[in-house]
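# Close look at the chain arrangement
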Amino acid sequence: MLKLKNINTFYGNIQALRDVSIDISEGEIITLIGANGAGKTTTLMSISGIVPPRSGEIRFMGAPIHQSRPDDIVRQGLCHVPEGRRIFPYLTVAENLDMGAFLRNDKEGIRRDTEYIFELFPILAERRNQAGGTLSGGEQQMLAISRALMAQPRLLLLDEPSLGLAPLVIRQIFDIIRKINQESNTTIFLVEQNANLALQVAHRGYVMENGKITLTDSAQALLANEDVKKAYLGM
Ligand SMILES: Nc1ncnc2c1ncn2[C@@H]1O[C@H](COP(=O)(O)OP(=O)(O)OP(=O)(O)O)[C@@H](O)[C@H]1O
Ligand SMILES: [Mg+2]
């Protein structure tokens, strides 16, 4: 479904990604783990066209996207929930969800998907007329994910959904990630510093160090890997 081949991405003269290759099949949850500054966010921004790679190839559903504009990439079914849950603080929860559906005009489908989201996150239904900026951090993360779902993505890119949230809220969000993957057959590419959680929900994973992929395996094997345990699982 998504294929990165030898991606090299720069910020000016600084090279952030080095020959990054990643393969994601339809229906999978894939996680990318790594330390601060490893290049995880840059990988997602290269995929979604925000920081296009200087060289290499990215294909989504067979079509090259490494030279496409971000909005064209969204239109093809690839949605990015950025780090730090950037919702619209002055719009209500319901209006935030409508913004996620801005490329659609199937009113009935939009209504159905809104209902589905309110089932997934009952707290958002309760707060539907409240301004996004007044929500708790966890609720804002739920809203950010929900807004992306309103675009009916085939592939969802999630950047650090657990960042700064309480353990109970994190568990809730990860349960929903699994549910979204299973119920609406949405493929998920999950970037996390919380490697333990990410590997518990993912099918496969990639480890990134200093802009390079250094290891890839099934999530189970990575959880049991001694180097991964030492470096990322605090064992
Ligand atoms: N806008 C920018 N300009 C210059 N350098 C940048 C920029 N954004 C990131 N970098 C650099 O690129 C490298 C990769 O950063 P990136 O944000 O992708 O890491 P990350 O793995 O997402 O880290 P974190 O876990 O802290 O979110 C780092 O060395 C960082 O300093
Ligand atoms: Mg990051």
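Just above sits the structure.
So, how was this worked out
Residues numbered from 1 in each chain as written. Chains lettered and ligands numbered in written order. Predicted model: local features only at pLDDT ≥ 70, side-chain atom pairs only at ≥ 80, totals over all residues. Heavy atoms only, no water. Helix = DSSP H or I, 4+ residues; strand = E, 2+ residues; numbered from the N terminus. Buried < 20%, exposed > 50% of the residue type's maximum accessible area, 1.4 Å probe, protein only. 1 Å grid on protein atoms, 1.4 Å probe; cavity = no way out; pocket = protein on both sides within 12 Å on 5 of 7 lines; lining within 4 Å. Points joined across faces, edges and corners; volume = space filled by probe spheres on them. Nonpolar A, V, L, I, M, F, W, Y, C, P; charged D, E, K, R; others polar. Near = heavy atom within 4 Å. Polar contact = N/O pair within 3.5 Å; in protein donor to acceptor, adjacent residues only side chain to side chain. Areas by Shrake-Rupley, 256 points an atom, 1.4 Å probe, with all protein chains shown as cover. Axes fitted to C-alpha atoms, helices over the stretch in contact; angles between N-to-C directions. Parallel < 35°, antiparallel > 145°, perpendicular 65-115°, else oblique. Left-handed = near helix turned anticlockwise from the far one by under 90°. Contact = heavy atoms within 4.5 Å.

Attention now moves to unusual backbone geometry. One non-glycine residue with positive phi stands out, namely N6, at about 50°. Looking at the secondary structure, you find N6 in strand β1 (residues 2-11). One non-glycine residue, N210, lies in the positive phi region at around 45°. If you trace the backbone, N210 turns up in the loop between β9 (204-209) and β10 (212-218). The class for N210 is exposed, based on a relative accessible area of 68%.

With that out of the way, let us pick up the layout of surface pockets. Considering only enclosed or pocket space, the largest pocket measures out at about 600 Å³ in volume. V74, C79, H80, P82 and R147 are the residues nearest the centre of the largest pocket, which is lined by 25 residues in total. Elements with a contribution of two residues or more to the lining of the largest pocket: α1 (40-47), α2 (70-75), β6 (78-81), α3 (93-100) and α6 (137-149). Residue composition of the lining of the largest pocket, grouped by class: 16 nonpolar, four polar and five charged. Volume-wise, the second largest pocket comes out at about 220 Å³. Lining the second largest pocket are D113, Y116, I117, L149, Q152, P153, R154, S184 and T186.

So, about the site of ligand 1. Not every one of the 13 residues close to ligand 1 is listed here, only the nearest: N36, G37, K40, T41 and T42. The separation between an oxygen atom of ligand 1 and a polar side-chain atom of T41 is 2.8 Å. Protein contact buries 61% of the 640 Å² of open area that ligand 1 shows by itself. In terms of residues, the shell around ligand 1 owes the most to one element, α1, which gives three residues. Along the lines of polarity and charge, the residues of the shell around ligand 1 split into four nonpolar, six polar and three charged.

Turning our eyes to something else, we now look at the packing of α6 against helix α7 (residues 167-183). Here α6 crosses α7 at 15°, and the two axes come no closer than 10 Å. With respect to α7, the axis of α6 lies roughly parallel. Considering the relative orientation of α6 and α7, their crossing is right-handed. Here G138, Q141, M142, I145 and L149 of α6 come into contact with α7, specifically with V169, Q172, I173 and I180. Its residues assigned to classes, the contact of α6 with α7 shows six nonpolar, three polar and no charged.

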